[in-house]
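Working through the structure, step by step
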Amino acid sequence: MATLIYSAIASLDCYVADEYGTFDWAVPDEEVHTFINDLERPIGTYLYGRRMYEVMLGWESADTRADQPPFMRDFAEIWQAADKIVYSRTLETVSTARTRIERDFDPEAVREMKTSAERDLTVGGPELAAQAFKADLVDECHLFVAPIVVGGGKRLFPDHVRVKFELLDERRFGNGMVHLRYRTSRRLLA
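Below, the structure is looked at part by part. Here the structure is a predicted model, which is why all the values come from computation and not from measurement.

Right, let's talk about the pattern of salt bridges for a bit. Counted according to the given criterion, the structure contains 14 salt bridges. Residue Arg50 pairs with Glu54 through a salt bridge whose shortest N-O separation is 2.9 Å. Of this pair, Arg50 and Glu54 both sit in helix α2 (residues 50-56), four residues apart, which is roughly one turn of the helix. On the basis of relative accessibility, which here comes to 28%, the residue Arg50 falls in the partly exposed class. When its relative accessible area of 36% is taken as the criterion, Glu54 is described as partly exposed. Across the pair Arg111 and Glu108 runs a salt bridge whose closest N-O atoms are separated by 3.3 Å. In this pair, Arg111 and Glu108 are both assigned in helix α4 (residues 107-116), three residues apart and thus about one turn of the helix distant. One connected set of salt bridges, linked through shared partners, spans Asp38, Arg41 and Asp74.

A word on helix α1 (residues 30-40). For α1, the complete set of buried residues consists of Val32, His33, Phe35, Ile36, Asn37 and Glu40. The residue sitting at the N-terminus of α1 and contributing the capping side-chain oxygen is Asp29; that oxygen lies 3.2 Å from the backbone nitrogen of Glu31.

Glancing now at unusual backbone geometry. In this structure, Asp136 is a non-glycine residue whose phi angle is positive, near 60°. Topologically, Asp136 is positioned in the loop between α5 (126-134) and β7 (140-146). Looking at Asp136, the relative accessible area reads 44%, which means it is partly exposed.

Next up on the list: the packing of aromatic side chains. The tally for this structure, following the rule as stated, stands at 11 aromatic pairs. An angle of 75° between the planes, with centres 6.1 Å apart, marks the rings of Tyr6 and Phe157 as edge-to-face. Of the two residues, Tyr6 sits in strand β1 (residues 4-11) while Phe157 sits in the loop between β8 (153-155) and β9 (162-172), which places them 151 residues apart along the sequence. Taking the centre distance of 4.7 Å and the plane angle of 70° together, the rings of Trp59 and Phe75 count as edge-to-face. Residue Trp59 is located in the loop between α2 and α3 (70-81), and its partner Phe75 is located in helix α3; the two are separated by 16 residues in the primary sequence. Here Trp59 falls in the buried class, since its relative accessible area comes to 14%. Joined through ring pairs, the aromatic side chains of Tyr6, Phe133, Phe157, Phe165 and Tyr182 make up one cluster.

The contact between α1 and α3 brings their axes to 9 Å, and the two run at 25°. The angle between the axes of α1 and α3 places the two elements in the roughly parallel class. The handedness of the crossing between α1 and α3 is left-handed. Counted together, Glu30, His33, Thr34, Ile36, Asn37 and Glu40 of α1 and Phe71, Met72, Asp74, Phe75 and Ile78 of α3 form the full contact between these two elements. Class assignment of the residues belonging to the contact of α1 with α3 gives a composition of five nonpolar, three polar and three charged.

Definitions and cut-offs
- Residues numbered from 1 in each chain as written.
- Predicted model: local features only at pLDDT ≥ 70, side-chain atom pairs only at ≥ 80, totals over all residues.
- Heavy atoms only, no water.
- Salt bridge = Lys/Arg side-chain N within 4 Å of Asp/Glu carboxyl O.
- Helix = DSSP H or I, 4+ residues; strand = E, 2+ residues; numbered from the N terminus.
- Buried < 20%, exposed > 50% of the residue type's maximum accessible area, 1.4 Å probe, protein only.
- Polar contact = N/O pair within 3.5 Å; in protein donor to acceptor, adjacent residues only side chain to side chain.
- Phe/Tyr/Trp six-rings, centres within 6.5 Å; stacked < 30°, edge-to-face > 60°.
- Axes fitted to C-alpha atoms, helices over the stretch in contact; angles between N-to-C directions.
- Parallel < 35°, antiparallel > 145°, perpendicular 65-115°, else oblique.
- Left-handed = near helix turned anticlockwise from the far one by under 90°.
- Contact = heavy atoms within 4.5 Å.
- Nonpolar A, V, L, I, M, F, W, Y, C, P; charged D, E, K, R; others polar.

Now the structure itself:
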């Protein structure tokens, strides 16, 4: 059975984007990006909402740009090799390979996907992750905490869901970021 992982970069005060919608303060350096590449390498399917998919679109051609450093080209190749499912009621078409649109997030379909998948899945973006948490589908969290407080914006975790986590691993990086890997040990309250 595959693992469903929520992976995100967030500020110390748990926002993935600030109140202006920007996240340039969270751009990983080469050390962090290389670590992320190794975490993402075994992923078989990315689950995205429309906005997160649109953020990730640039990776479809990032490996062909001569000015891209090797660690970014590596991530582009990892991303392109995986399947992508975009959950959107408004998106008409996709512009990336190995991508399909689903109109609604169906927890039972995702549960079946986890059961039948040979490779792990990730859920990207806090809004889609909120649905996955509420359906008790998230098995692990990979959090990259940036050394900054942004004071507001798009929250990392959903309201009205309590989940107990078990720390599996941690790593510090030279730029002050910290990676925390948690297993969801039990859902406490919806």
